[in-house]
Amino acid sequence: MSYKNNSGLTVARILYPIALLALILFVAMAFQLGQVLRDRTALHEARAQQDQPFEDTQKVRTQLDALAVGTLKLAQAGNKNAKTIINQLKEMGITVRLPEAAANAPAGTTGSSAALPSKP
């Protein structure tokens, strides 16, 4: 009987599976890199789209702050309607306070920072 010994490992028999494994890993890593780069681009675009609405929100908030501070000043000056509005805001949990820069500034000047209505 003739018997072949197939138990011998040669470089050629090992190189093919290792090369195939390396190719599969390379393709998987390339795919993952492409996905990450697409996600990164999408996130940058989403952030850029939020810049304008955020600026608009800041403008509206600044205008609302100025309105609330003006109402508070009128209430402190004795305006009955302004007092009613400030009391209603307090009932809703909104506290209006003068900006610190305007409160400490001499009369006739305005501070650059407005008070923010806040809920306690």
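As the structure is a computational prediction, the values presented were derived from the model and not from experiment.

So, how was this worked out
Within any chain, residue numbers begin from 1 and follow the written order of that chain's sequence. This being a predicted model, a pLDDT of at least 70 is required before a residue's local features are given, and a value of 80 or more before pairs of side-chain atoms are given or counted; all residues contribute to the totals for chains, interfaces and linings. The side-chain quantities take in all heavy atoms of the structure and omit both hydrogens and water. A run of DSSP states H or I qualifies as a helix once it reaches four residues; a run of E qualifies as a strand once it reaches two. Both are numbered from the N-terminal end. Only protein chains enter the area calculation, which uses a 1.4 Å probe; residues under 20% of their type maximum are buried, those over 50% are exposed, and those in between are partly exposed. In these tables, accessible area is a Shrake-Rupley quantity obtained with a 1.4 Å probe, and a residue counts as shielded only by the protein chains included in the view. Comment: axis = line fitted to C-alpha atoms, over the contacting stretch for helices; angle = value between 0 and 180 degrees taken between N-to-C directions. The scheme is simple: roughly parallel for angles under 35 degrees, roughly antiparallel for over 145, roughly perpendicular for 65 to 115, oblique for anything else. Should the near helix be turned anticlockwise from the far one by less than a right angle, the crossing is termed left-handed; should it be turned clockwise, right-handed. Contacts are residue-level and defined by heavy atoms, with any inter-residue pair within 4.5 Å sufficient. Nonpolar core, defined: a set of buried Ala, Val, Leu, Ile, Met, Phe, Trp, Tyr and Cys residues in which side-chain atoms within 4.5 Å join the residues together. What a helix is expected to span follows from its residue count: subtract one and scale by 1.5 Å. Identification of polar contacts relies on pairs of N or O atoms within 3.5 Å, with a donor-acceptor requirement for protein atoms, meaning one able to donate a hydrogen and the other able to accept it, and with residues adjacent in sequence counted only if both atoms are side-chain atoms. In predicted models, pLDDT denotes the confidence assigned by the predictor to each residue on a 0 to 100 scale.

1. Considerations on the overall build of the chain
Thinking step 1. In terms of regular secondary structure, the chain is built from 3 helices and 0 strands.
Thinking step 2. Counting helices and strands in the order they occur from the N terminus, the chain gives α-α-α.
Thinking step 3. Here the chain holds 120 residues, and the buried ones make up 11% of them.
Thinking step 4. Summed over its atoms, the accessible surface of the chain is roughly 10400 Å², and 62% of this surface lies on carbon and sulfur atoms.

2. A look at the packing of helix 1 (residues 11-76) against helix 2 (residues 80-91)
Thinking step 1. Remark: helix 1 packs on helix 2, axes separated minimally by 7 Å, with the N-to-C direction vectors making an angle of 125 degrees. On the basis of their axis angle, the class for helix 1 and helix 2 is oblique. Read as a crossing pair, helix 1 and helix 2 show a hand that is left-handed. Across the interface between the two elements, Ala-68, Thr-71, Leu-72, Leu-74 and Ala-75 of helix 1 pack against Ala-82, Lys-83, Ile-85 and Ile-86 of helix 2.

3. Some points on the nonpolar core
Soluble, globular proteins show a tendency: their nonpolar side chains are buried together.
Thinking step 1. Membership of the largest hydrophobic core is limited to 8 residues, which are Ala-68, Leu-72, Ala-75, Ala-82, Ile-86, Leu-89, Ile-94 and Val-96.
Thinking step 2. Elements represented by at least two residues in this core include exactly helix 1 and helix 2.
Thinking step 3. The contact partners of Leu-72, leaving out residues within four places of it in the chain, are Ile-86, Val-96, Arg-97 and Leu-98.

4. A look at helix 2
Thinking step 1. Along its 12 residues, helix 2 runs 17 Å from first to last C-alpha, staying within 8% of the 16 Å computed at 1.5 Å per residue.
Thinking step 2. Where helix 2 begins, one side-chain oxygen reaches toward the backbone nitrogen of Asn-81, 2.9 Å away; that side chain belongs to Asn-79.

5. Describing the confidence of the model for the chain
Thinking step 1. Summarising the model, the chain shows a mean pLDDT of 83, and 78% of its residues fall at 70 or more.
Thinking step 2. Mean pLDDT across the elements of the chain bottoms out in helix 3 (residues 100-104) (60) and peaks in helix 1 (94).
Thinking step 3. Within the model, the stretch residues 107-114 combines pLDDT values under 50 with 6 contacts to residues more than four positions away or in other chains.

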